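# Descriptive structure summary
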Amino acid sequence: MKAAYIEQPGPPESIVYGDLSAPQPRGSEVLVRVAAVAVNPIDTYIRGGANYFTLPRPYIVGCDLAGTVEGVGPQASRFKAGDRVWGSNQGLLGRQGTFAELAAVDEQWLYPTPPDVTDPQAAAAALVGITAHLGLVRESQLKPGQTLLVNGGSGGVGSTVIQMAKALGARVAATAGSPERVAACERLGADLAVNYKTENVAQRLLDFAPAGADVYWETTRDPDFDRIVPLLAPRGRIILMAGRDARPQFPVGPFYVKGCSMHGFVMFAATPDEQRAAATDINRWLSEGSLRPKIDRVMPLSETAAAHRLQEDNTLRKAGTQCGKIVLVP
Ligand SMILES: NC(=O)c1ccc[n+]([C@@H]2O[C@H](COP(=O)([O-])OP(=O)(O)OC[C@H]3O[C@@H](n4cnc5c(N)ncnc54)[C@H](OP(=O)(O)O)[C@@H]3O)[C@@H](O)[C@H]2O)c1
């Protein structure tokens with residue numbers, strides 16, 4: 001089968017697009033004929049040598065996939081050949097990745113793809129959808145009528161957080177870095193979208209929600225707590241899920257006196273049951289049309305190295321040349 005893989009961590013050019021032996025489904029694994037995959041920033045960190053996990057060699061890059069079941073292992077019972085499925089959480093914790101024509105995935109990380117949802121849509125919603133759900137439902141326990149501010153509303157996670165928070169009945173404010181991205185946040189359903197480069201975010205938010213935000217979702221890797229904490233409502237929750245190397249200052253007094261809390265998490269540590277609960281809601285929202293994954297572009301799988309370069313330019317160097325998910329098709 002064709003696959004995008006590395007023999008050694010390194011720059012995007014270290015990704016080889018070539019032939020590897022097709023995997024066989026063992027135990028409770030399901031063999032998926034991959035129809036679409038999506039890039040996430042963590043794909044580029046791992047490829048670049050972040051060393052979070054011991055990697056199989058060769059290591060097929062990528063976490064997300066959507067496709068059709070081709071066969072199942074002897075202990076698999078959830079799916080059968082011909083079923084359409086999507087999933088995430090691959091390429092992590094020592095597991096093989098998804099950027100290949102075939103992938104053997106344990107059935108606990110796969111979900112049925114609704115009939116009216118395309119494979120590119122399902123792949124684009126996978127890791128970011130589970131992340132957004134975990135942060136909104138499990139961590140911040142966002143309730144209808146509460147106010148959420150997402151900093152970075154035009155990105156893969158942020159665009160999903162906007163739509164899910166609306167589906168959960170919240171009032172949603174978002175920031176973005178250009179007039180086009182502000183408009184994109186509004187199209188996704190944000191009640192307020194603010195250009196963080198040219199406008200006073202604090203003033204716009206406090207005009208929109210005088211008591212402050214019940215939930216502040218930070219998508220950037222360098223949170224500024226002196227700016228964030230004054231934006232929180234009493235008992236406000238901060239969601240943190242990026243910036244392993246960040247060591248910012250923190251205004252302790254203003255934070256605890258308001259009774260605020262801060263929640264950090266990584267999606268890949270969520271249990272199979274937690275991820276499946278997220279996937280069930282994601283499927284319902286995808287079918288209803290209340291969740292429309294924001295796809296920046298679709299590329300052939302053979303261009304995985306170029307897709308990584310684009311993602312990395314935006315995640316690490318803030319190039320502003322990507323707005324949403326990069327999807328690849330074999
Ligand atoms: N913990 C987890 O489980 C988990 C899961 C998924 C992702 N992540 C992490 O979350 C981060 C975001 O992921 P992603 O997939 O959404 O990345 P992405 O698609 O590259 O989006 C990043 C967004 O950040 C925005 N941004 C950059 N500088 C900003 C600033 N100063 N203020 C406000 N927004 C700013 C950009 O918006 P503009 O172009 O409009 O400026 C861009 O859309 C990454 O670091 C990723 O590794 C963690």
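The paragraphs below set out a description of the structure included in this document. (Residues numbered from 1 in each chain as written. Predicted model: local features only at pLDDT ≥ 70, side-chain atom pairs only at ≥ 80, totals over all residues. Heavy atoms only, no water.)

### Here's the deal with the overall build of the chain
Per the secondary structure count, the chain includes nine helices and 16 strands. Expected size for 330 residues packed as a compact globule is a radius of gyration near 20 Å; at 20 Å, the chain falls within 12% of this value. Seen along its three principal axes, the alpha-carbon backbone of the chain occupies a region of about 60 × 35 × 35 Å. Counting over 330 residues, the chain shows a buried share of 55%. Taking the contacts inside the chain whose residues are at least 6 apart along the sequence as the reference set, 71% of them involve residues at least 24 apart. Of the roughly 13,400 Å² of accessible surface on the chain, 52% is carried by carbon and sulfur atoms. (Helix = DSSP H or I, 4+ residues; strand = E, 2+ residues; numbered from the N terminus. Rg over C-alpha atoms; globule rule 2.2 N^0.38 Å. Buried < 20%, exposed > 50% of the residue type's maximum accessible area, 1.4 Å probe, protein only. Contact = heavy atoms within 4.5 Å. Areas by Shrake-Rupley, 256 points an atom, 1.4 Å probe, with all protein chains shown as cover.)

### Quick notes on helix α2 (residues 119-139)
Every α-helix carries 3.6 residues per turn, so stepping three or four residues along brings you back to the same face. With 21 residues, α2 extends 29 Å from end C-alpha to end C-alpha; this agrees with the ideal 30 Å at 1.5 Å per step. Where burial is concerned, most of α2 is hidden: 17 out of the 21 residues are buried. Where α2 terminates, the next one or two residues include Q141, which has phi positive at roughly 50°. (Expected span 1.5 Å × (residues − 1).)

### Topic: the packing of aromatic side chains
Considering all chains together, one arrives at six aromatic pairs under this definition. Measuring from centroid to centroid gives 6.0 Å for Y52 and F53, while their planes differ by 85°, and the two rings are edge-to-face. Given the relative accessible area of 26%, Y52 is considered partly exposed. Ring geometry for F53 and F268: centres 5.3 Å apart, planes at 80°, overall edge-to-face. Highlighted residues: F53 in the loop between α1 (41-47) and β4 (59-60) and F268 in the loop between β14 (261-264) and α8 (272-288), separated in sequence by 215 residues. The same class applies to F53 and to F268, which are both buried. Taken together, the aromatic side chains of Y52, F53 and F268 make up a single cluster linked through ring pairs. Over the ring of F208 we find R171, and its NZ or CZ is 4.0 Å from the ring centre. Across the ring face of Y52, the terminal group of R244 is positioned such that the distance to the ring centre comes to 3.6 Å. (Phe/Tyr/Trp six-rings, centres within 6.5 Å; stacked < 30°, edge-to-face > 60°. Lys NZ or Arg CZ within 6 Å of the ring centre and 35° of its normal.)

### Description of helix α9 (residues 304-317)
Between the first and last C-alpha of α9 there are 19 Å, a value that for 14 residues agrees with the 20 Å anticipated at 1.5 Å per step. Structurally, α9 contributes buried residues whose contacts are with β1 (2-6), α1, β15 (295-300) and β16 (325-329). After α9 finishes, the residue K318 shows a positive phi value of roughly 50°.

### Let's talk about unusual backbone geometry
The omega torsion of the bond from R57 to P58 falls at -5°, within 30 degrees of zero and hence cis. Look at L93: it is not a glycine, yet its phi comes out positive at around 55°. As for its position among the elements, L93 is in the loop between β6 (84-87) and β7 (102-106).

### A closer look at the site of the ligand
Neighbouring the ligand are 26 residues; Y45, G177, R181, Y196 and M267 lie closest to it. At 2.7 Å, a side-chain N or O of Y45 approaches an oxygen atom of the ligand. At a separation of 2.7 Å, an oxygen atom of the ligand approaches a polar side-chain atom of R181. Protein contacts shield 87% of the accessible area of the ligand, which totals 920 Å² for the unbound molecule. Those elements giving two or more residues to the shell around the ligand turn out to be α1, α2, α3 (156-167), β10 (171-176) and α9. Looking at side-chain class alone, the shell around the ligand contains eleven nonpolar, twelve polar and three charged residues. (Near = heavy atom within 4 Å. Polar contact = N/O pair within 3.5 Å; in protein donor to acceptor, adjacent residues only side chain to side chain. Nonpolar A, V, L, I, M, F, W, Y, C, P; charged D, E, K, R; others polar.)

### A short note on the packing of α2 against α3
Each packed pair of helices is defined by two parameters, the angle between the axes and the distance between the axes. Two numbers describe how α2 lies on α3: the axes approach to 9 Å, and their chain directions differ by 55°. When the axis of α2 is compared with that of α3, the two are oblique. The way α2 lies across α3 gives a crossing that is right-handed. Contacts between α2 and α3 involve V128, G129, A132, H133 and L136 from the first element and G156, V157, T160, V161, M164 and A165 from the second. Tallied by class, the residues present in the contact of α2 with α3 amount to seven nonpolar, four polar and no charged. (Axes fitted to C-alpha atoms, helices over the stretch in contact; angles between N-to-C directions. Parallel < 35°, antiparallel > 145°, perpendicular 65-115°, else oblique. Left-handed = near helix turned anticlockwise from the far one by under 90°.)

### A word on the packing of α2 against α8
Packing of α2 against α8 brings their axes to within 9 Å, and their N-to-C directions diverge by 110°. Considering the angle they form, α2 stands roughly perpendicular to α8. Within the contact between the two elements, α2 uses A125, G129, I130, H133, L134 and R138 and α8 uses E274, Q275, A277, A278, D281, I282, W285 and L286. For the contact of α2 with α8, the residue count by class is eight nonpolar, three polar and three charged.

### Details of the sheet that holds strand β11 (residues 192-195)
Sheets are built from strands that pair by backbone hydrogen bonding, the pairs being arranged parallel or antiparallel. Sheet architecture is open: six strands sit in the order β11-β10-β9-β12-β13-β14, paired in parallel fashion. Only two strands of the sheet have a single partner each, and these edge strands are β11 and β14. Ignoring which end each strand starts from, the neighbouring axes of this sheet average 15° apart. As defined by bridge partners, strand β9 (residues 147-151) adjoins β10 across five bridges and the pair is classed as parallel. Paired with L148 across the strands is V172, a residue of β10. (Pairing = 2+ DSSP bridges.)

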